[in-house]
Amino acid sequence: MAEAAALRDQGHRCITFSPKVFLPLTRLCRDSCGYCTFAQPQQPGRRAYMTLEEVLAVARLGAQQGCSEALFTLGDKPELLYPEAAAELAAMGYSSTLDYVAAAAAAVLAETGLMPHINAGVMGQQDIERLKAVSASQGLMLEGVAPALAAPGGPHWGCPDKEPAARLATIEAAGRARVPYTSGILIGIGESRRERLLALHALRLLQQQHGHIMELIVQNFRAKPGTAMQHYAEPPLEELLWSVAAARIIFGPDMNIQAPPNLTPASSSSSSEVDASWRALLDAGINDWGGISPVTRDYVNPEKSWPHLEALAAATAAAGKLLLPRLPVGADMAAVVAAADALRAAVCGDDVSYVVNRNINYTNVCTYGCKFCAFSKGKSAESLRGAPYLLPLEEVARRTAEAWDRGATEVCLQGGIHPDFTGQTYLDILAACKAAAPGIHVHAFSPLEVLHGASTLAISVSDFLSQLKAAGLGSLPGTAAEVLDPQVRAVLCPDKLSAAQWLAVVAAAHGVGLATTSTIMFGHVDSPRHWASHLLQLRDLQACTGGITEFVPLPFVHMEAPIYLAGAARQGPTLRECVLLHAVARLVLHPLITNIQASWVKMGPQQAGALLVAGCNDMGGSIMNESITRAAGASYGQELPPQQMEVVIAAAGRRPRQRTTLYGRPPASQTAASFAAPELQPVQMGSGWRQQQQQQQQQQQQAAGA
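The sections below set out a description of the structure shown in this document. Computed from a predicted structure; not experimentally measured.

## Describing the sheet that holds strand 17 (residues 618-621)
The pairing of strands in a sheet happens through backbone hydrogen bonds and is either parallel or antiparallel. Taken in spatial order, the three strands of this open sheet run 17-10-18, and their pairing is parallel. Single-partner strands in this sheet number two, and they are strand 17 and strand 18 (655-659). Strand-to-strand twist across the sheet, computed as the mean angle between neighbouring axes with direction ignored, equals 20°. Note that strand 10 (residues 351-355) and strand 17 share two bridges and pair parallel. Note that in strand 17 the partner of valine 355 across the bridge is glycine 621. Each of strand 10, strand 17 and strand 18 is contacted by helix 24 (residues 642-651), which is oriented at about 155° to strand 10, the strand it contacts most.

In structure tokens, the structure reads:
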């Protein structure tokens, strides 16, 4: 196991899984294995095959839940045994099960974007090539080569498609067709350890010849009620560990070796025992947990439910590894992630930085109607998403002073575009912060707020930025960018500043000596084409000005967003898209923007920590308070204190380091204070829109009476 784990670490930095839906296209099969409950005999009144509508309904649900793989698993050639199956295929216009598999996979790929992985049994090269056109990958378990398995009384007796020669011929044909392939062995069904090694070497020989096996599964037998082997002894954990380690040693560091986590033997069903068994499998050299579905059950092992990803991620982290999603073809996303991580290591080393800060959202009253925003409140929104508020300057000052006392070096200020705000309002807010804590860095005012402030004072953006800088502004957040594409903005925020205006304000800030961050808010009505354009525009801007400190991808939080509730946006980006965007950003923005940040506020601490192997070198701020993301329905954002932040960073195998806003070293006294911070005092939210109107009306009436 020690040798196997060392080999695994040479080839794999993280542990992966495939978010999938399980599509049992047919459960009829001409074989009857002694351990199988997946294959079911034909029953009167029950269809032999899922309909295309049923297939697409499940696939669409999977796509909505962030899946990337559609796993087609089915019985082998049922139409050769069951006349009902042949008749049903003919009625649908297909001559064979494989014909129907090809049509169903093509429909899923075209209409949902999920990538089919097809396990359709023994077949020839012509069928393999036909399925290659509509799938990302294919698979067939060798299971074993022991002669006793197919002998009378063995689990494969009377199963023509379980003959080792037939299965090896199919796997070899896939190699000739250059199909990315999955295979593996099933242990504990009557074979010896030596016979397991013979099966692994048979697969290794095909891999050496063709190089097409992307993934090797080592699966342990589980006895199932109602089968011929229901009383057969299951292999203990030690046998599975030995087999996994042997597979790693035989196949070397680069092979993806998987053990299904829902089948892991454990001495009891307690979470601690299961976690210990998962940890042992990691110590034996696996680098992949296989497919896990948030939508469908494991139809091959229906008595064993999928593990919760949070539990699996925690057990993986306890072994010093990070859990990341992958595509059905295991190498492609991992290659992008590996390139980004290598570049991160070369540019930034193993330090991961974070800033101790406090977010102050001083008002949620806004005259704009951005369709993605669940934070802002206009007059008509008070009854929809909570009461509007406007913080008094005294409360802004109090929060700033409290932040400094708790070790913060930064306050980040943003809010809605209040109809009564002018440029002087922003100057007053800034003055309140600097008076309360002269040494604090004020990171404040989005490009939209700057544009609004300048227009209300009838001065240029550059002049207003100069006034803000003179009053103590340290830098600007590069928010309000959303996606820098006119078509996307026309849907998301038609009355907001344009992409060109955003770029101009940020360039003007750099021109007066104010640094900015840069962001993208993605996963709503946009596409990768828009993300690519956005990255290139940021790259061009940075090449001209050099004033961007970091890039921060912000996944769209959909739960309370108006555009989502209206059915016009999707449920945010998939986890795969999040990982890829951070990794691609590292590659595209190099060497101009060297800091790529993972937003724990948007993604949660654990998933943000996972991005530290995908090109990220920064975790943002500890926040203390945050209102915008939580208003959209996220459960994160209140505070991630330094102690917890550093645990997340260390779990990724990185060195945590506090920083200032501009990536310097904070004063030692502030760092010390951040680790001994007292509890936050209750916040005061100020008056609402209607209360302000009533106060103004009373003042006007009093003035008129006087």
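## Quick notes on the packing of aromatic side chains
Inspection of the entire model under this criterion finds ten aromatic pairs. Seen in terms of ring centroids, phenylalanine 22 and tyrosine 299 are 5.3 Å apart; in terms of plane orientation they differ by 55°. Their pairing is tilted. One end of the pair, phenylalanine 22, is in strand 1 (residues 15-24); the other, tyrosine 299, is in the loop between strand 8 (288-292) and helix 10 (309-318), and 277 residues separate them in sequence. Take phenylalanine 22 and tyrosine 299: they sit in the same class, and that class is buried. An angle of 80° between the planes, with centres 5.9 Å apart, marks the rings of phenylalanine 221 and tyrosine 232 as edge-to-face. Within this pair, whereas phenylalanine 221 is found in the loop between strand 6 (213-220) and helix 8 (237-251), its partner tyrosine 232 is found in the loop between strand 6 and helix 8, the two being separated by eleven residues in sequence. What makes phenylalanine 221 buried here is its relative accessible area of 2%. Three or more aromatic residues joined by ring pairs make a cluster, and in this case those are Tyr362, Phe421, Tyr426 and Phe445.

## Comments concerning the sheet that holds strand 14 (residues 473-476)
What the six strands build is an open sheet, ordered 11-12-13-14-15-16; its pairing is parallel. Of all strands in the sheet, those with a lone pairing partner are strand 11 (357-361) and strand 16 (548-555), marking the two edges. Each neighbouring strand pair of the sheet contributes to a mean axis angle of 25°, computed without reference to strand direction. Summarising the sheet, strand 11 and strand 12 (residues 410-414) pair through five bridges and their orientation is parallel. Bridge assignment links asparagine 359 to a residue of strand 12, and that residue is cysteine 412. Against the sheet, helix 13 (residues 423-436) touches strand 12, strand 13 (441-444) and strand 14, its axis set at about 155° to strand 13.

## Details of the pattern of salt bridges
Applying the stated criterion across every chain yields a total of 30 salt bridges. What you see here is one network of salt bridges that share partners, running through Arg358, Glu395, Arg398, Arg399 and Glu402.

## Some words on the pairing of strand 10
One face of the sheet, then the other: side chains in a regular strand alternate in exactly this way. Most of strand 10 is tucked away, with four of its five residues classed as buried. Of the strand pairs in this sheet, strand 10 and strand 18 are connected by five bridges, and their pairing is parallel. Across the sheet, residue serine 353 finds its bridge partner in strand 18, namely arginine 657.

## Some remarks on the environment of alanine 435
Along the polypeptide, alanine 435 turns up in helix 13. A relative accessible area of 63% means that alanine 435 is categorised as exposed. As for alanine 435 and leucine 56, which are separated by 379 residues in sequence, their C-alpha atoms are 61 Å apart.

Reading guide: rules and limits
Residues numbered from 1 in each chain as written. Predicted model: local features only at pLDDT ≥ 70, side-chain atom pairs only at ≥ 80, totals over all residues. Heavy atoms only, no water. Pairing = 2+ DSSP bridges. Helix = DSSP H or I, 4+ residues; strand = E, 2+ residues; numbered from the N terminus. Axes fitted to C-alpha atoms, helices over the stretch in contact; angles between N-to-C directions. Contact = heavy atoms within 4.5 Å. Phe/Tyr/Trp six-rings, centres within 6.5 Å; stacked < 30°, edge-to-face > 60°. Buried < 20%, exposed > 50% of the residue type's maximum accessible area, 1.4 Å probe, protein only. Salt bridge = Lys/Arg side-chain N within 4 Å of Asp/Glu carboxyl O.

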